[in-house]
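Observations on the model geometry
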There are 2 protein chains.
Amino acid sequence: MTKDWSGKKVRVHFDPDNIDTIVAEGENLLKAAIAAGAHIYASCGGAGTCGTCKVLIKKGEVESTRTEKVSEEEYEQGIRQACQSRVVTDLVVDIPVESRLETAVLSREAKIAVGGKEPTAAIATGWSFNPPLSKLFVKLLPPTSKDNVSDLTRLLRCIRRQYHLSNMSVDFDVVRKLPRVLRQKNWQATVTTLVKAVKTKAERRKPTIINIGPGNTSQKHYSLAFDIGTTTVCGQLLDLNRGKVIAEGIAYNGQISYGADVITRIAYSQKPEGLKQLQQAVVATINQVINELLAQRQSDVKHIGHMIVAGNTTMTDILLGLNPKYIRLAPYTPVANFFPPVKANSLGIRVGKHVYLSAFPSVASYVGGDIVSGVVGVGIHQRKKLTFYMDIGTNGEIVIGNSDWMVTAACSAGPAFEGGGIKHGMIAATGAIEGFDISPSSSEPEIHTIGGAKPRGICGSGLINIVAGLLEAKVIGQNGKFNTDLATKRIRKGSDGYEYVLSWAHETQTGKDIVITEVDIDNLIRAKAAMYAGYQTLTKSVGISNADLEQAIIAGAFGSHIDIEKSITIGLLPDIPRDRFIFVGNGSLTGARLTSFSTDILDDARKVALMMTNLELSERADFMNNYVAALFLPHTNADEFPGVSKRLAKVTARKSRRRLTV
Amino acid sequence: MTKDWSGKKVRVHFDPDNIDTIVAEGENLLKAAIAAGAHIYASCGGAGTCGTCKVLIKKGEVESTRTEKVSEEEYEQGIRQACQSRVVTDLVVDIPVESRLETAVLSREAKIAVGGKEPTAAIATGWSFNPPLSKLFVKLLPPTSKDNVSDLTRLLRCIRRQYHLSNMSVDFDVVRKLPRVLRQKNWQATVTTLVKAVKTKAERRKPTIINIGPGNTSQKHYSLAFDIGTTTVCGQLLDLNRGKVIAEGIAYNGQISYGADVITRIAYSQKPEGLKQLQQAVVATINQVINELLAQRQSDVKHIGHMIVAGNTTMTDILLGLNPKYIRLAPYTPVANFFPPVKANSLGIRVGKHVYLSAFPSVASYVGGDIVSGVVGVGIHQRKKLTFYMDIGTNGEIVIGNSDWMVTAACSAGPAFEGGGIKHGMIAATGAIEGFDISPSSSEPEIHTIGGAKPRGICGSGLINIVAGLLEAKVIGQNGKFNTDLATKRIRKGSDGYEYVLSWAHETQTGKDIVITEVDIDNLIRAKAAMYAGYQTLTKSVGISNADLEQAIIAGAFGSHIDIEKSITIGLLPDIPRDRFIFVGNGSLTGARLTSFSTDILDDARKVALMMTNLELSERADFMNNYVAALFLPHTNADEFPGVSKRLAKVTARKSRRRLTV
C-alpha cells in the first residue's frame, strides 16, 4: 500500500457493461468503476466490510488487500473486493451477477410505486385544484406616447386587469428579458407564476412571476413530482392543465454505489468533495428520470415550470448541498426543517433556468420530507380516524395520529429488510427469492423468485416469508433457532452456525447453495423488533394500544411487497383486524403529486411538519425494554399478538425448548 | 477597408500612459486603446463624428479614413482619429492632451460632490436611523437530546427571543453554511439581515437573513452608497453603527470611452456584446472606487453588507444588464421603474456573495433613480414649500412640486454644458477655461482655468460665463451674434463664421488659438433654451409662474460649478430672488446615503417615484413654442427675466440690430 505510483495511465475494461476507462496507475478500482458508470453495488460505501463489490479480475494485475469477505478459493479464482483493490496494469474486470445493480426490478417497483394505485381510502381529499404553478396568457395594450409606462408596469397592470392579481413579485431574470419577449408576439405573452412562500391564508399568498415567454404557451403547462429515496428515485411528469400524471419513471439513486444506507452516505459526504459527488450522483439520476419522462411524452423540457421533491432528511440535504454531518451525531440536529425553494438549475438539474425546486419540509433528522409528504398524501391530517402510518426500511418511520395530533419516531432497523447483513441477502432484483412455502412433513421448500429467474439470493420481503414459513412449520422455534431434530438434509451446520438450504447449487445462478442462517434470522428478528418497539413506545407514550388503531397505512416500496399475514406472524406488523391495513406504495410520491396540484396541500405540508411531535427513541428507556421484549417470534408477550399466538399454540402444543413462559 | 487581414499579432504602445498591448492586425485603434485601458476620450462612441479621439501615430502604420475632423495639416503630422484607424504594423501612439481623460478634475469635483457639504436647508429631515441592513449578534443555546431542533429553527428561535423578530426569510446560502458557522464559535454568531421588500407599514417589513458568520462581528458594519453618473461614479463607504460617511471616492465612468452621453451608450449597447461591455466597464469603475474606499480606511470588503445605487434610467439598466434599447425609441418606454435587489456579485461587483445591490426606482426613461434619489435626499416630499429642482446636464431633469404633488420632465439640452459640440469645448478638466471677465472698453478678456494651468479649451460652466460676459459687454447681441463693429482683433472670421479669440496660440497648451464661435454660442443658446422651455412648460402645465417657486435647488456636478448670476443672465436659471437658490452638489448621492441609513427613506423613494407625474415634453406642442421663444439672451419675452432685461436695458439703450420688439 505504500508503493509509489508513477502516475502512468492504464486502461480498465468492465464487463458486462462493456465500459472502458483510463485511470492513473494506483487508482482504487471501485472508484474507477463508479466514475466510469459501471453498475457495481457497494453497500458499505467502500469500507471493505460488506463484500458486495466483489469482482473477477479476468486480465491484468491489481494490488489488493484480502479481507474475510473473500474466501481463499475465491481469491485464487481472481475474485477481489473492488474497494480494496488498486489498479496496477491494464485490466479486464467482470462484475459478477451478485455484485451488479439490476434495473429489471425497477419496472416491477414502478407498477406498485407510482400512479393512481393507492386505495382511494387512503388519499387526501377535499382539496381544491389550485397548483402553486400557474400560466397566465396576457394581452397587453401596446405603448403609445400617451401611455408610455415601463414594460414591467404595463405587464403588472395587465395581470391586475385580466387576472385580478396585484402586488406580485417578479424574478429579476424576467425583467431582463421583458422588453424582447413582450415585443416578439405583438404584446401577447405567457407569464409563469409560482407561489413560493405559502401563507396560511390563501388570499395572502402572493405568486411570484418566474418566467415569461412570447405568445400563448399556456396549453403546455407541466411540472415534476419526485420522491428521492435512498435506493430509488421516482418521478412523475404532471400536466397541470388536466391535473394528471402523464408520464412516470424510476431509477436507482446513483448514490447507491457510495453505500446502501443514509449513514454510509453521510459518512461518505464527509470526505473531501464527498458531498459534491453524492449531490452530483443523485442529480444525474434525476436528470436521467426527467429525460425518460420527456421521452415518454415527446415533450420539451422548456414546458416544465416547477419541481416538488420529497425525500428523507439526508437525501434532501444532499440534494440541496446541505451538510448532513450532524444527522448522525447525537443529539441528531438537522440543518433545517423548512427549505426555501431553490433554482433547480443551480443544483445541476437540467430544466429551464426559471424552474424552482421545492423540497418538502421535514420533522427531524430521521423523520424527513418523505414522511411528511406521505402523511399529507394519504390525508391523515384531514381525518379524526386514529391512523397508524409506517414506512418500513433500513430506517423505519412511524406516525400515529389524526387531524388533531401526531407523534412520530424513527428507528434504525438495520439493512435486513433490504437484504443487507443477510448471508445471501440481496436487494429486490431479478432472481431474489421472495415467495416461500414449506411442506410441514418433509420440510422441503417451494420457492418463487422475482422475475421467475434462477435464484441468486433473498430479498427483504422473501426473508419475512421464509422466516414466517419456517416458524409455522416448526423448522425454527419462536426464538428463531433451528429445530435440529428434524430429519432433513436442508438443515445443516455451516460456517455461521445452523442454516437451512433454500436452493441447491445446481439450481442457482451463482452455482452455490443459497441458505438462510440462524444469524440471518436473528438479524431479521432484531430489525422487526426495532420497528415493533418503535411503534409500541409511541402508542404507549400517548396512552393507546394497538387495538385502538382504526387504520394502518403501510407505505414504501418495500412495504408494498410484504405479505401482511406473514408480517404479523413474525411480529413486524400489529395484530389488528386485517381489513384495517392499507398498502399505499409510494406515499411520498403521492404527496409530492398532490402538492403540485394544490397549493392548499402545500400549505398542509407545512402545518403537518409543524404539528408532528418527534420522539427520539434513543432517549427513551422504555424503548430498549420494548425492543428486548420483541426479540421473539412474534413477541415474548403473547397478548401483543393474540391471533398469531393462538394459531401457533393450536397447531402444536410443543414448545420451543428455550421458549419463555408468558 | 476591404483588405483581408492575416490575423498576425502586432504590438501597440500608448503614450503617455506607457501601456503596451498585443492586438490582431486590422484591429480598430480606439477599441485597442479602450481594451488596454489607455485613457482616451471618444465622445461620439467611435462614430467618427466628434473628433475627440485624435491621436498622433509616432511610429508604425495605420490604415485610416480621413474625415473633416482632421485637417490636412494634422493629417500630414500623423494625426488620426483612433476610431477611424486600423492597426497595420507595430505602433507607438501618443494620446495628445486634448484627447485625454484627465483625473485631475476628479478630486476637484469630489470636494463639491460628496459628503456633508449640502446646505442643511435642503436635506431630508425627520427620519429615524433604521438602516435596511442590520447586524445581530446571537448567542444560541447548544443542542441537547431534549432540545434537538434543527440549526435553523434554533437560530430563528434565538433571534425571536433576543430581538423579537419573527417569521424571517432566510437566504439559502445562509442555510448552507449554518451547521459549520454555528459550531465554530460555540454557538455564538453574527447574523446580517436586510429589508429587501419595503412595505408601507414599518411593522410589516420583514427583514431577510442574508448572512451569518461565527462570533461577534457586529462592530464592523458597513454599506456602500453610489451615484452612477453618465460621466462620473461617486461612492461612499458608510459606517452603519455610527451613521457616518467614513470614506469617499470618485472616478470616471469607464463607459465614457464608448461615448459621452446616454444616447451614444444605448446605441453601443445594441452592438453584439455591447451591453455586456458597457456593463463590465461600469462595474470595473465601481470596483475601482470600492478598492479606493477600502484602502482609505484599511477595511476589509467582507464587512460590507449592502449597496444602494442611484443612476439615471440608462445607467441603472446597463448596470443591471437590462436592455435600454427602448429608452431612445418613441414612445420611450423603460424596462421597469422598480428593481428588485440583486446580488451585487452576480453583476461582477467584487463584494461578498451575500451583498445585495438595491437600485433606486425611476419614473420614466429620462427621469431616473438619480432624480428620485435627489428629490428624496433633499426632502422635497417632506415639505409644503413649492420647490423647483433641476439637474443640469446633457440630459436635464426638472422637478416641480412639494409634499402633495410633483411633476417632472426631462429635456435633451445636448452636450454643450459638458463642452460637447463646442469648437474648443472640453470636459471640466485641468486647463479648461472657466472664469471669464472682459473689459467693456478694450474687449480684452481675463480668463481663469481649472487648476490654473495653461488653457486648452472651454468647459461648460466657462461657456456660460463667457457668453454672459460677452453679452453684458455688448460684444454679442441678445441673438448671440457678434458685434463686428467693435475695434478688436479678438473678433474675426474663422472657418465656422465669426469667432472671438479667448487665448492666443502662444498662451495655450495646444499651441493653437482658443476661440468661441457664433456656432458655439448658438449651441449654448439652444441648450439653455431647452432647459428653460422645459421648466416653463412644466410650470405652465400646473398653472404657476416662476415667481411662485419658493425654493430652487440646483443639483449635479455641473450645477455646483455654475455662476448663478451669469446663468440667469443667459436665461438658463429663472430670474427669481437669488436667496431662493440652493446648490446641493450630488443630490443623488445624498439620497443614496440617506436610504442606507433609514428604511423609512427607502420607503419614501418608492412613494416619491410613484407620485411623480412625468410630462413627455416631445408630446407637448407648447414645449416647442416655449423653446423657440427662449432662443434669445435671456429670452424673447423680457417679462420672463425682468431683472436681467432691466439691467441690460440700463447699461445701454443701443439694441442689437436684429433684436425683436417685445
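Look a little higher up for the structure.
The following refers to the structure shown. (Residues numbered from 1 in each chain as written. Chains lettered and ligands numbered in written order. Predicted model: local features only at pLDDT ≥ 70, side-chain atom pairs only at ≥ 80, totals over all residues. Heavy atoms only, no water.)

1. Here we look at the packing of helix 13 (residues 587-597) of chain A against helix 14 (residues 599-611) of chain A
Residue and element names in this part refer to chain A. Packing of helix 13 against helix 14 brings their axes to within 5 Å, and their N-to-C directions diverge by 130°. Classified by the angle their axes make, helix 13 and helix 14 are oblique. Listed contacts from helix 14 to Leu594, Thr595 and Phe597 of helix 13 are Thr599, Ile601 and Leu602. Grouping the amino acids of the contact of helix 13 with helix 14 by side-chain chemistry returns 4 nonpolar, 2 polar and no charged. (Axes fitted to C-alpha atoms, helices over the stretch in contact; angles between N-to-C directions. Helix = DSSP H or I, 4+ residues; strand = E, 2+ residues; numbered from the N terminus. Parallel < 35°, antiparallel > 145°, perpendicular 65-115°, else oblique. Contact = heavy atoms within 4.5 Å. Nonpolar A, V, L, I, M, F, W, Y, C, P; charged D, E, K, R; others polar.)

2. Regarding the pairing of strand 27 (residues 551-555) of chain A
Residues and elements named next belong to chain A. In terms of residue burial, strand 27 counts as a mostly covered element, since 5 of its 5 residues are buried. In terms of strand pairing, strand 18 (residues 387-391) meets strand 27 through 5 bridges, oriented parallel. Opposite Thr387, over in strand 27, you have Gln551 as the bridge partner. As paired strands, strand 27 and strand 28 (residues 581-585) are joined by 4 bridges and run parallel to one another. When the sheet's bridge partners are listed, Ile553 is paired in strand 28 with Ile582. (Buried < 20%, exposed > 50% of the residue type's maximum accessible area, 1.4 Å probe, protein only. Pairing = 2+ DSSP bridges.)

3. Considerations on the nonpolar core
Nonpolar side chains tend toward joint burial in soluble globular proteins. Ranked by size, the top nonpolar core spans 126 residues in total, and within it B:Leu29, B:Met307, B:Ile349 and B:Leu357 carry the most contacts. With 10 residues, helix 7 (residues 274-297) of chain B is the single largest residue contributor to this core. Membership of the second largest hydrophobic core comes to 86 residues, among which are A:Phe226, A:Ala247, B:Leu136 and B:Val138. (Core = buried A, V, L, I, M, F, W, Y, C linked by side-chain atoms within 4.5 Å.)

4. A short note on the pairing of strand 15 (residues 304-311) of chain A
Residue and element names in this part refer to chain A. Taking burial as the measure, the 8 residues of strand 15 include 8 buried ones, the bulk of the element. Looking at chain direction, strand 12 (residues 222-228) and strand 15 are connected through 6 bridges and run parallel. Residue pairing in the sheet places Tyr222 in a bridge with Ile304 of strand 15. Pairing of strand 15 with strand 17 (residues 356-359) involves 4 bridges; the strand directions are parallel.

5. Description of the relation of the copies chain A and chain B
For the match of chain A to chain B, the screw axis carries a shift of 0.1 Å, the RMSD comes to 0.1 Å, and the turn is 180°. The relationship between the two copies is best expressed as a two-fold rotation axis. (Least-squares fit on C-alpha atoms with pLDDT ≥ 70 in both.)

6. Comments concerning the sheet that holds strand 16 (residues 342-343) of chain A
All names here are of chain A. Ordered in space as 14-13-12-15-17-16, the 6 strands form an open sheet in which the pairing is mixed. Of all strands in the sheet, those with a lone pairing partner are strand 14 (244-252) and strand 16, marking the two edges. Summarising the sheet, strand 16 and strand 17 pair through 2 bridges and their orientation is antiparallel. Looking across to strand 17, one finds that Val342 is bridged to Leu357. Here helix 7 (residues 274-297) sits on the sheet and contacts strand 12, strand 13 (232-239), strand 14 and strand 15; the angle it forms with strand 14, its principal contact strand, is near 140°.

7. Section: the interface of chain A and chain B
Taken together, the contact between chain A and chain B spans 35 residues of the former and 35 residues of the latter. Approximately 2900 Å² of surface area, both sides summed, lies buried where chain A meets chain B, with 62% of it carried by carbon and sulfur atoms. Our count for the chain A to chain B interface comes out at 0 salt bridges. Counting across the interface, chain A meets chain B through 16 residue pairs in polar contact (both at pLDDT 80 or more). Of all the secondary-structure elements, those providing two or more residues to the side of chain A that touches chain B are helix 4 (151-163) and helix 5 (172-184) of chain A. The residue inventory of the side of chain A that touches chain B, partitioned by class, reads 20 nonpolar, 9 polar and 6 charged. (Buried area = accessible area lost by both parts, 1.4 Å probe. Salt bridge = Lys/Arg side-chain N within 4 Å of Asp/Glu carboxyl O. Polar contact = N/O pair within 3.5 Å; in protein donor to acceptor, adjacent residues only side chain to side chain.)

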